[in-house]
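Listed below are the residues making up each chain.
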Amino acid sequence: MKNVFIETSRVMEFREAVSVVADTRKGQPGLMLAWGLAGRGKTMAAKEYTVQSEAAIYVRVHENWTPRAMLSGICREINGMQPSRVELAKQIIIEELDRSPRVILIDEADRLMIGNIEHLRDIHDETGTPIVLIGEPSIYGRVTARRRIYERVTRVVEFGAVKTEDVVIFGMKACDLKIAPDAAIALAKNCEGSFRLLYHIMIELERSARANKVKDITLELVENLPNRRIAPTPEKERR
Ligand SMILES: Nc1ncnc2c1ncn2[C@@H]1O[C@H](COP(=O)(O)OP(=O)(O)OP(=O)(O)O)[C@@H](O)[C@H]1O
Ligand SMILES: [Mg+2]
């Protein structure tokens, strides 16, 4: 399996939306939400954007992050410093962003405590920095519950389920396999919309195709793939 990045319609929509919020004039609202279930490709899309755009900063939220840890983490990405005091870290971030505008992408933002989101709002308000909050669907409820934050959101992008066309392109680019339309529909269903699960299924498919010496993937081949994630068998009752 080759390491490939697929330009899915979600990826393109995400990139276009980030570019729009990044263009918003200083002082105008410019927060963005990108949400979707596990494995839908949010992190891949965000990291890819950061690689392509020099002005973008990628930060991944850690569990139980305090404001100090978050601001220090953002500061480190901006200029390598890790101030230990909240106010100092915030001041340095604001000065750096005023000097050199960036876009901040915050991954796993559904883990952010509301106090941290308020710190991000301050940074956004004071510098006009576009901030993209990326996370599981619960981020949506958390942000909409705070009107002052939700009013600043100008774009929302949903990372929906993997599409049949993504399956076909992924099979071709990552494994050199030509997947028949009905087989692609079955794979899209079996991966439950998750790119991560699709990746694991594709490894099995590649193995099976090699064993059968074929490059064309049929529905029959897909249906005969072993299930490596079977649920526990209920134990028989003891007599
Ligand atoms: N655009 C893509 N091209 C190729 N592979 C992808 C793409 N998007 C996702 N994948 C595959 O799916 C896996 C999961 O993607 P990713 O980590 O981006 O999901 P996520 O939405 O961030 O999930 P989580 O909510 O669990 O963090 C990746 O490790 C990769 O194997
Ligand atoms: Mg992720």
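Quick caveat, the model's predicted, so the values are computed rather than measured.

Engineer: Would you mind showing me how to read the site of ligand 1 here?
Structural biologist: Of all residues adjacent to ligand 1, which total 17 residues, the nearest are Ile6, Gly39, Lys42, Thr43 and Met44. One of the backbone N or O atoms of Gly41 is found 3.0 Å from an oxygen atom in ligand 1. Relative to its unbound accessible surface of 630 Å², ligand 1 loses 84% to contact with the protein. Of the pockets mapped on this structure, ligand 1 occupies the largest pocket. Secondary-structure elements contributing two or more residues to the shell around ligand 1 are helix H2 (42-52) and helix H10 (195-211). There are two domains that each give the shell around ligand 1 at least three residues, and those are domain 1 (9-159) and domain 2 (164-223).

Engineer: Please explain the domain arrangement of the protein chain as it appears in this structure.
Structural biologist: Accessible area lost when the parts come together is the quantity often used to give the size of an interface. Here the protein chain is described as being made up of domain 1 (9-159) and domain 2 (164-223). In this structure, domain 1 and domain 2 have C-alpha centres spaced 35 Å apart.

Engineer: Looking at this model, I keep getting lost on helix H3 (residues 67-79). Mind explaining?
Structural biologist: Along an α-helix, residues three or four apart share an orientation, since each turn contains 3.6 residues. Given a rise of 1.5 Å per residue, 13 residues ought to cover 18 Å, and the 18 Å separating the end C-alpha atoms of H3 matches this to within 8%. All of the buried residues along H3 are Met70, Leu71, Ser72, Gly73, Ile74, Cys75 and Ile78. Taken together, the buried residues of H3 touch strand E2 (56-60), helix H4 (86-99), strand E3 (103-107) and helix H5 (114-127). Looking one or two residues past H3, Gly80 carries a phi angle of roughly 85°, positive in sign.

About the thresholds
- Residues numbered from 1 in each chain as written.
- Chains lettered and ligands numbered in written order.
- Predicted model: local features only at pLDDT ≥ 70, side-chain atom pairs only at ≥ 80, totals over all residues.
- Heavy atoms only, no water.
- Near = heavy atom within 4 Å.
- Polar contact = N/O pair within 3.5 Å; in protein donor to acceptor, adjacent residues only side chain to side chain.
- Areas by Shrake-Rupley, 256 points an atom, 1.4 Å probe, with all protein chains shown as cover.
- 1 Å grid on protein atoms, 1.4 Å probe; cavity = no way out; pocket = protein on both sides within 12 Å on 5 of 7 lines; lining within 4 Å.
- Sits in = over half its atoms within 2 Å of the grid points.
- Helix = DSSP H or I, 4+ residues; strand = E, 2+ residues; numbered from the N terminus.
- Domains from an automatic or database assignment.
- Expected span 1.5 Å × (residues − 1).
- Buried < 20%, exposed > 50% of the residue type's maximum accessible area, 1.4 Å probe, protein only.
- Contact = heavy atoms within 4.5 Å.

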